[in-house]
Amino acid sequence: TNTIPSQIGLLRKLELFDAPYNLFYGSIPTEIGLLTQVSDITLSVNVLDGYLPTQLGQLTAMRMLYLGDNRLQGPLPSQLQYLSRLEDVYLQNNEFSGTISPSIFEKMTDLYVLYMQYNLFSGSIPSTISELSKLTIFTL
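In this report, the structure presented in the accompanying data block is examined. (Residues numbered from 1 in each chain as written. Predicted model: local features only at pLDDT ≥ 70, side-chain atom pairs only at ≥ 80, totals over all residues. Heavy atoms only, no water.)

## A few points about the sheet that holds strand S5 (residues 64–66)
Then, in step 1: Spatially, the 6 strands line up as an open sheet ordered S1-S3-S5-S7-S9-S11, and their pairing is parallel. What marks the edges here is a single partner per strand, and that holds for strand S1 (16–18) and strand S11 (137–139). Between one strand axis and the next, the sheet turns through 10 degrees on average, direction left out of account.
Then, in step 2: Across 3 bridges, the pairing between strand S3 (residues 40–42) and S5 is parallel. Residue pairing for S5: Thr-42 is matched across the bridge by Tyr-66. (Pairing = 2+ DSSP bridges. Helix = DSSP H or I, 4+ residues; strand = E, 2+ residues; numbered from the N terminus. Axes fitted to C-alpha atoms, helices over the stretch in contact; angles between N-to-C directions.)

## What about the nonpolar core?
Then, in step 1: Counting 37 residues, the largest nonpolar core has Phe-17, Ile-41, Leu-43, Leu-52, Leu-76, Phe-105 and Leu-111 as the members making the most contacts within it.
Then, in step 2: If near-sequence neighbours (up to four positions away) are discounted, Leu-76 is found in contact with Leu-52, Leu-91, Phe-96, Ile-104, Met-116 and Phe-121. (Core = buried A, V, L, I, M, F, W, Y, C linked by side-chain atoms within 4.5 Å. Buried < 20%, exposed > 50% of the residue type's maximum accessible area, 1.4 Å probe, protein only. Contact = heavy atoms within 4.5 Å.)

## Brief notes about a nonpolar patch on the surface
Then, in step 1: Residues Ile-125, Phe-138 and Leu-140 make up a contiguous nonpolar surface patch of about 260 Å² in total accessible area.
Then, in step 2: Topologically, Phe-138 is positioned in strand S11.
Then, in step 3: Judged by its relative accessible area of 30%, Phe-138 is partly exposed. (Patch = residues over 30% accessible without salt bridge, like charges linked within 9 Å, V, L, I, M, F, W, Y side chains within 5 Å. Areas by Shrake-Rupley, 256 points an atom, 1.4 Å probe, with all protein chains shown as cover. Salt bridge = Lys/Arg side-chain N within 4 Å of Asp/Glu carboxyl O.)

## Comments concerning the packing of aromatic side chains
We describe a pair of aromatic rings using the distance from one ring centre to the other and the angle between the two ring planes.
Then, in step 1: The tally for this structure, following the rule as stated, stands at 3 aromatic pairs.
Then, in step 2: Ring geometry for Phe-96 and Phe-121: centres 6.4 Å apart, planes at 10 degrees, overall stacked. On the criterion of sequence distance, the pair formed by Phe-96 in strand S8 (residues 95–98) and Phe-121 in strand S10 (residues 120–121) is long-range, its members being 25 residues apart.
Then, in step 3: An aromatic cluster is built from Tyr-66, Tyr-90 and Tyr-115, whose rings are joined through pairwise contacts. (Phe/Tyr/Trp six-rings, centres within 6.5 Å; stacked < 30°, edge-to-face > 60°.)

Given below as structure tokens:
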């Protein structure tokens with residue numbers, strides 16, 4: 001099957017998880033939170049759906065998160081606020097919804113690329129985004 005197996009969590013030394021354009025479907029397994037050494041996750045252009053697992057917040061070494069062009073949905077989990085080393089975030093072309101919590105971006109001081117367009121967000125742009133001094137690209 002073309003799903004990301006829960007056994008992905010057994011790869012505890014994994015630093016790069018790069019699997020775009022694979023027609024993966026289903027949700028991202030919660031066991032992804034066990035990949036504490038990972039700095040780059042690329043799962044763009046698949047058919048992933050469901051909510052982002054809150055366990056992503058455990059990946060504090062992550063610098064790049066590419067989840068664009070899937071069918072991911074729901075609000076962004078507040079646990080993303082723990083990813084303070086993020087530099088690039090691609091969440092565009094999904095079905096994320098709800099308001100964007102200001103706390104998510106508060107500690108992302110190294111963030112310079114943030115793609116979030118073509119989703120179903122509501123409410124205001126968090127003021128914390130205006131405090132990201134390194135941000136050079138922002139789409140909503």
